[in-house]
Amino acid sequence: FSFMMKDAEKKNMVVTPPILAEDLKRNFPEVENAIRLGGLGDEIVRAGNQSFKEKDNITYADADFFKVFNFPLIYGNASTVLSEQNKVVISKRLAKKYFGNENPVGKVISFPNDNNMLFTVGGVSENFPANSSLQYDMVIPIHADPDYKERLKNGINSFSHPLILKLKAGTDVAKFNAKLNVFAKTYFKSLVESMQKNNANKVEDMQLYLRPFADAHYNQSGPWGHYTGLQPTSQLICLTFVILFTTCLNSILLMLTSTMSRSQDVGVRKTIGAGRLQIILQYYTETQLLAFISVLVGLLIASLCLPFFSSITGSQLQLAYFSFGQIALLLF
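Below you will find a few notes about this structure. (Residues numbered from 1 in each chain as written. Predicted model: local features only at pLDDT ≥ 70, side-chain atom pairs only at ≥ 80, totals over all residues. Heavy atoms only, no water.)

## Focus on the overall build of the protein chain
(1) Moving on: Within the protein chain, the regular secondary structure consists of eleven helices and 13 strands.
(2) Moving on: The C-alpha atoms of the protein chain give a radius of gyration of 28 Å, which is well past the 20 Å a tight globule of 332 residues would have.
(3) Moving on: Over its C-alpha atoms, taken along the principal directions, the protein chain stretches across nearly 95 × 55 × 35 Å.
(4) Moving on: Looking at the protein chain residue by residue over its 332 residues, the buried ones come to 34%.
(5) Moving on: Considering only contacts within the protein chain whose residues lie at least 6 apart along the sequence, 68% involve residues at least 24 apart.
(6) Moving on: For the protein chain, the accessible area works out to roughly 20,500 Å², and carbon and sulfur atoms hold 59% of it.
(7) Moving on: Separation between the mean location of the 32 positive side-chain charges and that of the 27 negative ones in the protein chain comes to 4 Å. (Helix = DSSP H or I, 4+ residues; strand = E, 2+ residues; numbered from the N terminus. Rg over C-alpha atoms; globule rule 2.2 N^0.38 Å. Buried < 20%, exposed > 50% of the residue type's maximum accessible area, 1.4 Å probe, protein only. Contact = heavy atoms within 4.5 Å. Areas by Shrake-Rupley, 256 points an atom, 1.4 Å probe, with all protein chains shown as cover. Lys, Arg positive; Asp, Glu negative; His and termini not counted. Charge placed at Lys NZ, Arg CZ, Asp CG, Glu CD.)

## Concerning the pattern of salt bridges
(1) Moving on: Here the structure, examined in full by the defined rule, presents twelve salt bridges.
(2) Moving on: Note that glutamate 30 and lysine 179 form a salt bridge whose closest N and O atoms lie 2.6 Å from each other. Of this pair, glutamate 30 sits in the loop between helix H1 (18-27) and strand E3 (31-39) while lysine 179 sits in helix H5 (residues 173-187), placing them 149 residues apart in sequence.
(3) Moving on: The buried category is assigned to glutamate 30, whose relative accessible area is 16%.
(4) Moving on: Connected through shared salt-bridge partners, Glu22, Lys25, Arg36 and Asp62 make up one network. (Salt bridge = Lys/Arg side-chain N within 4 Å of Asp/Glu carboxyl O.)

## Describing the side chain of serine 160
(1) Moving on: Structurally, the position occupied by serine 160 is in the loop between helix H4 (148-153) and strand E12 (163-167).
(2) Moving on: Separated by 2.6 Å, the side chains of serine 160 and histidine 161 make a polar contact.
(3) Moving on: Sequence-distant contacts of serine 160, defined by excluding residues within four places in its chain, comprise Val15, Thr16, Pro18, Leu37 and Arg151. (Polar contact = N/O pair within 3.5 Å; in protein donor to acceptor, adjacent residues only side chain to side chain.)

## Some thoughts on the state of the cysteines
(1) Moving on: The full count for this structure, using the stated rule, is zero disulfides.
(2) Moving on: With no disulfide of its own, cysteine 238 lies 16 Å from the sulfur of cysteine 248, the closest cysteine sulfur. (Disulfide = S-S within 2.5 Å.)

## Thoughts on a nonpolar patch on the surface
(1) Moving on: A surface patch of nonpolar side chains, amounting to about 560 Å² of accessible area, comprises Leu289, Phe292, Ile293, Leu296, Val297 and Ile301.
(2) Moving on: With respect to the helices, strands and loops of the structure, isoleucine 293 is situated in helix H10 (residues 276-313).
(3) Moving on: Take isoleucine 293: its relative accessible area is 45%, and that puts it in the partly exposed class. (Patch = residues over 30% accessible without salt bridge, like charges linked within 9 Å, V, L, I, M, F, W, Y side chains within 5 Å.)

## Some thoughts on the packing of aromatic side chains
(1) Moving on: Applying the stated rule across the entire model yields 15 aromatic pairs.
(2) Moving on: Ring geometry for phenylalanine 52 versus tyrosine 98: centroids 4.8 Å apart, planes at 35 degrees, classification tilted. Taken as a pair, phenylalanine 52 in strand E5 (residues 50-55) and tyrosine 98 in helix H3 (residues 92-99) lie far apart in primary sequence, 46 residues in all. Take phenylalanine 52 and tyrosine 98: they sit in the same class, and that class is buried.
(3) Moving on: A ring pair is formed by tyrosine 187 and phenylalanine 188, whose centres lie 4.9 Å apart and whose planes are at 85 degrees; its orientation type is edge-to-face. Per residue, the accessibility class of tyrosine 187 equals that of phenylalanine 188, and both read buried.
(4) Moving on: Ring pairing ties together the aromatic residues Phe28, Phe159, Phe176, Phe183, Tyr187 and Phe188, which thus form one cluster. (Phe/Tyr/Trp six-rings, centres within 6.5 Å; stacked < 30°, edge-to-face > 60°.)

This is the structure we're talking about:
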């Protein structure tokens, strides 16, 4: 869910007033759930006698976070793991970092720089995938945020949280978006009037704009998390096709240069009694065997060079992102 001006791509804001989530759930039956996120930025975390500096990997979130998103939990129930204000969920990476091989559930961590807030580990999640839009190692109930109540009091004047809506199955998104815009004109009327009064430039009406979560993965707007830039991806795809075309062209040229020797070979085979179909099948089998071996060697080289290629492109590419069936189909 995005809050945007009319020229959305130029003035894109993916933060909303915290109160908006509850108001949308109350006014629109189409909204099955609403998840607000509130990143903490850099934070010092104390576990036992050790202190650790975490950077942009901790967030406040609504209690249904692990119900809406399918990040697997090693310990804890998705429905209740964030239901208590003093309970947190940490990733397997942080569990190993803070507590070694011990079971972290029930262990206490604190934030010394934030009034020494204390939390009990209530669950452990698998590490979030490297290609996920959300990259968090610790999820804290949003009600534990010391500023949460104050931001609620500020109503529509406090823009602080990205908001993700889960709509009920069968919802007509276009019609729902139209209803949202009608709602927004009334909901944000006082804010727009205040902005028009206090700013020299005319402020246009604000809109509530729905963006599919998959599309948001390619959006760079802050404070959104990890995203995939489409331009580098398109460049890599073009480069792949150029390499493939060059390889095919080289293969054809090599085949043409060997035509003379192959014609002599065919003549000899016919002389000793080989039929036309037999010769065709032989050359077809040889070609397919060569291609099969080349594909296997290419796959081996790709898997070995993938870490180096990822470091060059600044992305975390893994063959694990594809199923065996997808890889087999592409190789075929």
